[in-house]
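Tertiary structure, described
Single-letter residue listing:
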Amino acid sequence: MRIFLLLFLLFPLAELALLIQVGSSIGVLATILVLVLSGMAGILLMRFAGFATAWRARERLARGELPEREMLQGVMMVVAGGLLFLPGFLSDLIALLLLFPPSRKLFLGVLGRRAEAQAQRRRAFADDLRRQHEQAAGAQRPNVIEGEWERRDK
């Protein structure tokens, strides 16, 4: 949690420093033009990524498959569009990494492994809770004596 707070504070400072460096190198108007163009590209990307993701997800659902991969890719494309919309070159660089298919596949692999590890931790925790509950319930059960019996009439 602290790492996110640190990144939340350092990211705008890094963006500002990079904007100042680029602005001093290529000029203020050129920097503003690049930022406006990247923002427009981000808006268009978010719009088209939403439609394309919905289309691919609908196709997978029609085949009877779950569209989890398509949905994750769509979310990554929308995040990339949002990062392009933000003014700054560092966020644009991260967005381009999310847009590039090999790096997006790498991010999806990392996310998949983390989700699987999280699911295994939750299953282990749930199994521990179930065992504890069964042990507590076992102490409250009446004692049962097993045996054989036979009915004898007359």
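To be clear, the structure that these remarks concern was listed above.
What comes next concerns the included structure. (Residues numbered from 1 in each chain as written. Predicted model: local features only at pLDDT ≥ 70, side-chain atom pairs only at ≥ 80, totals over all residues. Heavy atoms only, no water.)

1. A short note on the overall build of the protein
Helix and strand counts for the protein stand at 5 helices and 0 strands. Its helices and strands in sequence order give the protein the pattern α-α-α-α-α, from N to C terminus. In terms of overall size, the protein is more extended than a compact globule, its C-alpha atoms giving a radius of gyration of 28 Å where 154 residues would be expected to give roughly 15 Å. In terms of overall dimensions, the protein has C-alpha extents of about 110 × 45 × 20 Å along its principal axes. Split by element, the accessible area of the protein, about 12,700 Å² in all, is 68% carbon and sulfur. Here the protein contributes 20 positively and 14 negatively charged side chains, and the mean placements of these two sets differ by 6 Å. (Helix = DSSP H or I, 4+ residues; strand = E, 2+ residues; numbered from the N terminus. Rg over C-alpha atoms; globule rule 2.2 N^0.38 Å. Areas by Shrake-Rupley, 256 points an atom, 1.4 Å probe, with all protein chains shown as cover. Lys, Arg positive; Asp, Glu negative; His and termini not counted. Charge placed at Lys NZ, Arg CZ, Asp CG, Glu CD.)

2. Quick notes on the nonpolar core
Within the largest apolar cluster, 10 residues are counted, these being Leu45, Ala49, Met76, Met77, Ala80, Leu83, Leu84, Ala95, Leu98 and Leu108. When contributions to this core are tallied by element, the ones reaching two or more residues are helix 2 (28-62), helix 3 (68-85) and helix 4 (89-99). If one sorts the elements of this core by residue count, helix 3 sits on top with 5 residues. Look past the residues within four positions of Leu98 in its chain and what remains in contact with it is Met76, Val79, Ala80, Leu83, Ser103, Arg104 and Phe107. (Core = buried A, V, L, I, M, F, W, Y, C linked by side-chain atoms within 4.5 Å. Buried < 20%, exposed > 50% of the residue type's maximum accessible area, 1.4 Å probe, protein only. Contact = heavy atoms within 4.5 Å.)

3. Here's the deal with the side chain of Arg104
Assignment of secondary structure puts Arg104 in helix 5 (residues 101-140). Buried within the structure, Arg104 lacks any salt-bridge partner; Glu70 is the closest side chain of opposite charge, at an N-O distance of 11 Å. For Arg104, the side chain forms a polar contact with the main-chain oxygen of Leu98, separated by 3.4 Å. Excluding its chain neighbours within four sequence positions, the residues that come into contact with Arg104 are Gln73, Met76, Met77, Leu97, Leu98 and Leu99. (Salt bridge = Lys/Arg side-chain N within 4 Å of Asp/Glu carboxyl O. Polar contact = N/O pair within 3.5 Å; in protein donor to acceptor, adjacent residues only side chain to side chain.)

4. Observations concerning the pattern of salt bridges
Opposite charge on two side chains permits pairing when their charged atoms draw close. Counting across every chain of the model gives 5 salt bridges. Linking Glu150 and Arg152 is a salt bridge whose minimum nitrogen-to-oxygen distance equals 3.5 Å. The two residues Glu150 and Arg152 agree in class, both being exposed. When the shortest N-O distance is used, the salt bridge between Arg151 and Asp153 registers 3.6 Å. Neither residue differs from the other here; Arg151 and Asp153 are each classed as exposed. The network of salt bridges with shared partners includes Arg60, Arg63, Glu65 and Glu70.

5. A closer look at helix 2
Over its 35 residues, helix 2 runs 51 Å from end to end, which matches the ideal 51 Å to within 8%, given 1.5 Å per residue. At its buried positions, helix 2 is contacted by helix 1 (2-26), helix 3 and helix 4. (Expected span 1.5 Å × (residues − 1).)

6. Structural notes on a nonpolar patch on the surface
Taken together, the side chains of Ile3, Phe4, Leu6, Leu7, Leu10 and Leu13 make up a nonpolar region of the molecular surface, amounting to roughly 630 Å² of accessible area. Residue placement: Leu10 occurs in helix 1. (Patch = residues over 30% accessible without salt bridge, like charges linked within 9 Å, V, L, I, M, F, W, Y side chains within 5 Å.)

7. Re the environment of Glu68
Position of Glu68 relative to the elements: it lies in helix 3. Placed 34 residues apart in sequence, Glu68 and Val34 show a C-alpha to C-alpha distance of 34 Å.

Any link to function would need more than the numbers given here.
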